[in-house]
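Fold and contact review
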Amino acid sequence: MEHGHLQKSLGDICRTVRERLGLTQAQVAKQTDLVPEVYGRIERGGMMPSVPTLRKLALALGISADVLLELSRTDVATTLAAPTPEGSLSPELRQLVRMLRGWSPGEVKRLMRVAKVLESPAEE
């Protein structure tokens, strides 16, 4: 996920949860040791919180940091004891997955086109 999109998404989620809880921005800011203006910037997608602040937000809003970051169970292991999502893949596929994580969406889309060509039966 692109950094700007992540900022906007995280802010939208914080606002939605805060409103569901009936809290004001000032109340959440106080619980997370932020000044209200800074918390407001996070909600508007204009600022990415630090990791300690992200943790405080999750606790103040009663929501998992996975939800704030839009991570699903298929993206990450749910506990330290659980295998990583690609744990059942071959070493080559794990290496490919690690490499692809750093690619832009456009690069992944181009790779998908190549993979579809390779997947189709060869013409004789």
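Residues numbered from 1 in each chain as written. Predicted model: local features only at pLDDT ≥ 70, side-chain atom pairs only at ≥ 80, totals over all residues. Heavy atoms only, no water.

1. Some remarks on helix α4 (residues 51–61)
Inspection of α4 places T53, L54, L57, A58, A60 and L61 among the buried residues, and these make up the whole buried set. Looking down the long axis of α4, one finds its buried residues gathered within 170 degrees of arc, a one-sided arrangement. Residues of α4 that are exposed and angled more than 90 degrees away from the buried face: V51, P52, R55 and L59. Contacts made by the buried residues of α4 are with α1 (3–21), α2 (25–31), α3 (36–43) and α5 (65–68). One or two steps after α4, the chain reaches G62, where phi turns positive at roughly 65 degrees. (Buried < 20%, exposed > 50% of the residue type's maximum accessible area, 1.4 Å probe, protein only. Helix = DSSP H or I, 4+ residues; strand = E, 2+ residues; numbered from the N terminus. Arc of directions from axis to C-beta. Contact = heavy atoms within 4.5 Å.)

2. A closer look at the pattern of salt bridges
Within this structure, the stated rule accounts for five salt bridges. Overlapping salt bridges, with partners in common, bring together K8, D12 and R15 in one network. (Salt bridge = Lys/Arg side-chain N within 4 Å of Asp/Glu carboxyl O.)

3. Let's talk about a nonpolar patch on the surface
A surface patch of nonpolar side chains, about 770 Å² in accessible area, is lined by L93, L96, M99, W103, V108, L111, M112, V114 and L118. For the nonpolar patch, the secondary-structure elements that each account for two or more residues are α6 (91–100) and α7 (105–119). Per-element tally for the nonpolar patch: the top contributor is α7, with five residues. (Patch = residues over 30% accessible without salt bridge, like charges linked within 9 Å, V, L, I, M, F, W, Y side chains within 5 Å. Areas by Shrake-Rupley, 256 points an atom, 1.4 Å probe, with all protein chains shown as cover.)

4. Considering the packing of α1 against α3
It is the contact of α1 with α3, at a shortest axis distance of 7 Å, that shows an interaxial angle of 115 degrees. Classed by the angle they form, the pair α1 and α3 counts as roughly perpendicular. Of the residues in α3, those in contact with Q7, L10, G11, D12, C14, R15 and R18 of α1 are Y39, I42 and E43. Class assignment of the residues belonging to the contact of α1 with α3 gives a composition of four nonpolar, two polar and four charged. (Axes fitted to C-alpha atoms, helices over the stretch in contact; angles between N-to-C directions. Parallel < 35°, antiparallel > 145°, perpendicular 65-115°, else oblique. Nonpolar A, V, L, I, M, F, W, Y, C, P; charged D, E, K, R; others polar.)

5. Some remarks on the confidence of the model for the chain
Per-residue pLDDT for the chain has a mean of 85; in total, 84% of the residues score no lower than 70. Mean pLDDT values for the elements of the chain range from 80 in α6 up to 97 in α3. (pLDDT = per-residue confidence, 0-100.)

6. Looking at the packing of α1 against α4
Between two packed helices, both the angle of their axes relative to each other and the distance between the axes serve to describe the pair. Here α1 crosses α4 at 25 degrees, and the two axes come no closer than 10 Å. Regarding the angle of α1 to α4, the classification is roughly parallel. Judged by the sense of rotation from one axis to the other, the crossing of α1 with α4 is left-handed. Residues L10, C14, V17, R18 and L21 of α1 pack against L54, L57 and L61 of α4. (Left-handed = near helix turned anticlockwise from the far one by under 90°.)

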